[in-house]
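For reference, the chains in residue letters:
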Amino acid sequence: MSKSTGSKSLFGPDSTYLDYNATTPVDDRVLDAMLPYLQGNFANPSSVHRFGRVARAGLDRAREQVAALVDVSPSQVIFTSGGTEANNLALWSVLSGSTPGHLMVSSIEHACVLEPSARWEAQGWRRDLMPVNTQGRLQLDAAIRLLSDDTRLVSLMLANNETGVIQPVAELAAEARQRGALMHTDAVQAAGKWPLRFADTGAHLMTLSAHKIYGPKGVGALIVDKSVEIDPMLIGGGQERNYRSGTENLPGIVGFGMAAELAASGLDERQQKLRALRDTLEGALKAMPQVTIFGAQAERLPNTVQFALQGIDGEALLMQLDRDGIGVSSGSACASGKTAPSHVLMAMGVDEFTARGAIRVSLGKDTTKADIDRLIESLRRQLAWVEQAAGAAAW
């Protein structure tokens, strides 16, 4: 079996990676599945000769594996270059070519939903941002009141990438369907961490991404209800049943398939392990002075903790932890380098000063109790330095 370069081997034994919501290492079994399609089985799956047929078989198998993850037919899986393209395609497929009407997206969506929806708004669509409560969960009654007869699309993520809070997708989808609107859910963060069955969400469209479930980067999927006919963004090649033209990233798709198969197995055991580690971390955090754990009273992914320590800037804390060999995030990895506070926390009503201090810790299948202990020790050291500095200034 091939050996993957996970966080420990790549960065050394004294490193602790706790940013699994940003991305995950490729599982050894995923890499083993991909390698033959990088060289030996390299043919174009659209070719009709025997080499192409071998490639096509690998593509078909992967489609079956991804379909099984969310319990749909393989024909409902459209492969894309990742979650961003799948989210954009979901909006495009519903709104393109239509007379402008009404669309609704939650105020805590990923930028790859918020920004495309803002573009549609600039083109004449009426856009409402659905509010969340102080725990980061959708205000369902308020969202339902926003629905109207000309609502065409409603988009609500299944689990938030920053807080981990689970959203009431099925409940909102039931209401949207009654008004004739299509429902989209970004399930990128939920896959592999939360029970995920397409029919149970009530959605017409669902987004998935490989690199969040120990698969390769650069490949994702849009799951489409059989009743929905989508309008493609990319045309000219005919691949993916004309829904997404372009030669398929066969090694990536094969890796996605294997990652999906692995994500579908052992979920309960994985959840229990991650929840126990998260509870250990949160127990230690609660013993620290002036800590705020965001979404703590809501149902959350078992691997995610977003918190702030009063008096410590989030970016400064992130850099101090990085010096200690600990990798965490100040929010979404896609938003790194931006100075604005988290739009998710601002939507929750968190004051800007506290929001700027936010740190996200996200655990993975390779996280250990020693990793949690190391993080806690480093946090306590940062707090001690802050207290010493405050004491010296007062003196």
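These remarks concern the structure in this document. On a predicted model such as this, the values are computed, not experimentally measured, just so you know.

Rules and cut-offs
- Residues numbered from 1 in each chain as written.
- Predicted model: local features only at pLDDT ≥ 70, side-chain atom pairs only at ≥ 80, totals over all residues.
- Heavy atoms only, no water.
- Helix = DSSP H or I, 4+ residues; strand = E, 2+ residues; numbered from the N terminus.
- Contact = heavy atoms within 4.5 Å.
- Areas by Shrake-Rupley, 256 points an atom, 1.4 Å probe, with all protein chains shown as cover.
- Lys, Arg positive; Asp, Glu negative; His and termini not counted.
- Charge placed at Lys NZ, Arg CZ, Asp CG, Glu CD.
- Pairing = 2+ DSSP bridges.
- Axes fitted to C-alpha atoms, helices over the stretch in contact; angles between N-to-C directions.
- Core = buried A, V, L, I, M, F, W, Y, C linked by side-chain atoms within 4.5 Å.
- Buried < 20%, exposed > 50% of the residue type's maximum accessible area, 1.4 Å probe, protein only.
- Left-handed = near helix turned anticlockwise from the far one by under 90°.
- Nonpolar A, V, L, I, M, F, W, Y, C, P; charged D, E, K, R; others polar.

**A look at the overall build of the protein**
Scanning the protein from N- to C-terminus turns up 14 helices and 12 strands. Principal-axis analysis of the C-alpha atoms gives the protein an extent of 80 × 55 × 35 Å. Long-range pairs, those at least 24 residues apart, make up 72% of the contacts in the protein between residues at least 6 apart in sequence. Of the roughly 17100 Å² of accessible surface on the protein, a fraction of 52% belongs to carbon and sulfur atoms. Side chains of the protein give 38 positive and 43 negative charges; the mean places of these two sets differ by 3 Å.

**Let's talk about the sheet that holds strand β10 (residues 304-309)**
Read across the open sheet, the 3 strands follow the order β9-β10-β12; overall the sheet is antiparallel. The outermost strands of the open sheet, each flanked by one partner alone, are β9 (291-293) and β12 (358-362). When strand polarity is set aside, the average angle formed by the axes of neighbouring strands in this sheet is 25°. Bridge count for β10 against β12 is 5 bridges, and the pairing is antiparallel. If you follow Thr-304 over to β12, its bridge partner there is Ser-362. Sheet contacts for helix α10 (residues 267-286): β9, β10 and β12; angle to β10, the most-contacted strand, approximately 10°.

**Concerning the sheet that holds strand β3 (residues 102-106)**
Two modes of strand pairing occur in sheets, parallel and antiparallel, and in both the strands are linked by backbone hydrogen bonds. Spatial strand order, β2-β8-β7-β6-β5-β3-β4: 7 strands in an open sheet with mixed pairing. The sheet is open, and its two borders are formed by β2 (77-80) and β4 (126-130), each paired with just one other strand. In this sheet, neighbouring strand axes are inclined to one another by 20° on average, regardless of whether the strands run parallel or antiparallel. Across 3 bridges, the pairing between strand β5 (residues 151-155) and strand β6 (residues 182-186) is parallel. By the bridge assignment, Ser-155 is partnered in β6 with His-184. On top of the sheet, helix α4 (residues 83-95) reaches β2, β3, β5, β6, β7 (205-209) and β8 (220-224); it is set at about 165° to β7, its chief contact.

**Here we look at the environment of Val-54**
Mapping Val-54 onto the fold places it in helix α3 (residues 50-70). Excluding its chain neighbours within four sequence positions, the residues that come into contact with Val-54 are Tyr-37 and Asn-41.

**Topic: the nonpolar core**
Grouped together as the largest cluster of nonpolar side chains are 55 residues, with contacts concentrated most on Val-70, Phe-79, Val-154, Met-183, Leu-208 and Phe-256. Elements that contribute at least two residues to this core include exactly α2 (28-34), α3, β2, α7 (169-178), β7, β8 and α9 (250-264). Among all residues touching Phe-256, those that are not within four sequence positions of it are Val-66, Phe-79, Leu-208, Ser-209, Ala-210, Ile-213, Pro-216, Val-219, Gly-220 and Ala-221.

**Some points on the pairing of β2**
Of the two faces of β2, the one carrying Val-77 and Phe-79 and the one carrying Ile-78 and Thr-80 are both buried. Pairing analysis gives 4 bridges linking β2 to β8, with the strands arranged antiparallel. Each residue of the ladder has a partner; that of Thr-80, found in β8, is Gly-220.

**Notes on the packing of α3 against α9**
At a closest axis distance of 8 Å, the pairing of α3 and α9 adopts a crossing angle of 35°. Remark: the crossing between α3 and α9 carries left-handed chirality. Across the interface between the two elements, Ala-55, Gly-58, Leu-59, Arg-61, Ala-62, Gln-65, Val-66 and Leu-69 of α3 pack against Leu-250, Ile-253, Val-254, Phe-256, Gly-257, Met-258, Ala-260, Glu-261, Ala-263 and Ala-264 of α9. Among the residues forming the contact of α3 with α9, the class breakdown is 13 nonpolar, 3 polar and 2 charged.

**Re the environment of Val-169**
Along the chain, Val-169 turns up in helix α7. Residue Val-169 is classed as buried on the basis of its relative accessible area, which comes to 1%. With 13 residues separating them along the chain, Val-169 and Leu-156 place their C-alpha atoms 6.4 Å apart. Leaving out residues up to four positions away in the same chain, Val-169 has contacts with Leu-156, Met-157, Leu-158, Met-183, Thr-185 and Thr-201.

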